[in-house]
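Chain by chain, the residues:
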Amino acid sequence: MLNRFSYIFLLGALALAAFLYVHYVSDRDQQPARFTGVERCRVCHEAASAGAQFVTWRNGPHARAFTSLGSDSAKAYLTAHGIGTAGCISCHTTLGRAAENHAEEIVNAQGIGCERCHGPGSNYAYFNIMKLRDDFTAHSGVVGSLKDCYECHAASLQKDSLHCPFQRRDFIADSAWPIIRHPLPSHTTRPDTIIELRK
C-alpha cells in the first residue's frame, strides 16, 4: 500500500515540476526581456574567483550615477537653471528613462548597472545561459562596446552641446575603460568575454 502512494506522490511531484518548468522557465524566452537589477548579477559576479565584476561596479562611478543627482552641487545647478532631474535620468540610470513601477524604481536607484550595457537580464541571467556567448546573445544578452560610452559621455565638449554640465574634459573611452574594466578571470573555461573593446 505504501508503494502505491509513493508512486502517486512521485508522479504528482513530476507533473508539478513539469508544469512549473513550462510555465516559468521555457516561456521566459517568449517574454519581453525585463531589467532585473544588479543584485541578480551579483549572485555570480561578486566572487574574486569569478572575476569580481560586481565589486568593480560597486566601487566605480556608475554605481553612484543616480545618487550623484542628489548631491549639493547637482541640486544647486538644477535650481539655478530652473530644471529638474528628468533630463538627467537618461544618462544617470540603467533604464535611461523614468521608472514605470516599483521594480524599475529600484533598478534606477542603482545608478548605471550591468544591464545598461548588456541589456535587460530576465532572459539571460541564468548560470546555464551565461556559460557561452552564443547562448547569452540568443537570450537577449548584449555584448558591450566602448561605443556605448558615448551615449552619455561627450567625446568633445565643444562639439557636443548636449552633455552633462559636470563633465569637465573630453571623454576618451579607451582611457576610461581601465577604470571600470571587468573581464572574466583568466582561468575560466569560457572561450570569450562579455565586454569587447569594439570601436
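Residues numbered from 1 in each chain as written. Predicted model: local features only at pLDDT ≥ 70, side-chain atom pairs only at ≥ 80, totals over all residues. Heavy atoms only, no water.

**Description of the overall build of the protein**
The number of helices and strands found in the protein is ten helices and zero strands. Starting at the N terminus, the α and β elements of the protein follow one another as α-α-α-α-α-α-α-α-α-α. Out of the 199 residues belonging to the protein, those deemed buried represent 29%. Across the protein, contacts joining residues at least 24 apart in sequence account for 53% of those joining residues at least 6 apart. With an accessible surface of roughly 12,900 Å², the protein has 60% of that area assigned to carbon and sulfur atoms. (Helix = DSSP H or I, 4+ residues; strand = E, 2+ residues; numbered from the N terminus. Buried < 20%, exposed > 50% of the residue type's maximum accessible area, 1.4 Å probe, protein only. Contact = heavy atoms within 4.5 Å. Areas by Shrake-Rupley, 256 points an atom, 1.4 Å probe, with all protein chains shown as cover.)

**With respect to the packing of aromatic side chains**
Overall, the coordinates contain four aromatic pairs when judged by the stated rule. The interplanar angle of 40 degrees and the centroid separation of 5.5 Å between the aromatic rings of Phe-54 and Trp-57 together place this pair among those described as tilted. Here Phe-54 pairs with Trp-57, and both are found in helix 3 (residues 53-58), just three residues apart, close to one helical turn. No difference in accessibility class separates Phe-54 from Trp-57, as the two residues are buried. Ring geometry for Tyr-150 versus Phe-171: centroids 5.6 Å apart, planes at 80 degrees, classification edge-to-face. In this pair, Tyr-150 is assigned in the loop between helix 9 (133-138) and helix 10 (173-180) and Phe-171 in the loop between helix 9 and helix 10, connecting sequence segments 21 residues apart. For Tyr-150, a relative accessible area of 38% gives the class partly exposed. (Phe/Tyr/Trp six-rings, centres within 6.5 Å; stacked < 30°, edge-to-face > 60°.)

**Side note on the environment of Ala-154**
Tracing the backbone through its elements, the reader meets Ala-154 in the loop between helix 9 and helix 10. By relative accessible area, Ala-154 is classed as buried at 5%. Setting aside its immediate chain neighbours within four residues, Ala-154 contacts Asp-160, His-163, Gln-167, Asp-170 and Phe-171.

**Looking at helix 10**
All of the buried residues in helix 10 are Ala-173, Ala-176 and Trp-177. Down the axis, helix 10 shows its buried residues gathered within 115 degrees of arc, on one side only. The outward face of helix 10, more than 90 degrees from its buried face, is lined by the exposed residues Ser-175, Pro-178 and Ile-179. (Arc of directions from axis to C-beta.)

**Focus on the pattern of salt bridges**
By the definition in use, this model includes five salt bridges. When the shortest N-O distance is used, the salt bridge between Glu-46 and Arg-42 registers 3.0 Å. As a salt-bridge pair, Arg-97 and Glu-104 come within 2.8 Å of each other at their nearest N and O atoms. The buried category is assigned to Glu-104, whose relative accessible area is 14%. By sharing partners, the salt bridges in this structure join Glu-39, Arg-42, Glu-46 and Arg-58 into a single network. (Salt bridge = Lys/Arg side-chain N within 4 Å of Asp/Glu carboxyl O.)

**Structural notes on the state of the cysteines**
Under the criterion given, the structure shown has one disulfide. For Cys-91, the disulfide goes to Cys-152, at an S-S distance of 2.5 Å. The sign of the S-S torsion, about -95 degrees, decides the handedness of the disulfide formed by Cys-91 and Cys-152: left-handed. Of the two residues, Cys-91 is situated in helix 5 (residues 89-92) and Cys-152 in the loop between helix 9 and helix 10; the sequence distance between them amounts to 61 residues. (Disulfide = S-S within 2.5 Å.)

**Points about the nonpolar core**
Counting residues in hydrophobic clusters, the biggest one holds six residues: Leu-146, Cys-149, Phe-171, Ala-173, Ala-176 and Trp-177. Those residues in contact with Ala-173 that sit more than four places away from it in its chain are Leu-146, Cys-149 and Tyr-150. (Core = buried A, V, L, I, M, F, W, Y, C linked by side-chain atoms within 4.5 Å.)

**Remarks on the environment of Ala-99**
Its location among the elements puts Ala-99 in the loop between helix 5 and helix 6 (102-109). Once residues within four sequence positions are removed from consideration, Ala-99 is found in contact with Glu-104, Glu-105 and Asn-108.

**Things to note about a nonpolar patch on the surface**
Residues Leu-10, Leu-11 and Leu-14 make up a contiguous nonpolar surface patch of roughly 310 Å² in combined accessible area. Mapped onto the elements, Leu-11 comes out in helix 1 (residues 2-25). On the basis of relative accessible area, Leu-11 is assigned to the exposed category, the value being 58%. (Patch = residues over 30% accessible without salt bridge, like charges linked within 9 Å, V, L, I, M, F, W, Y side chains within 5 Å.)

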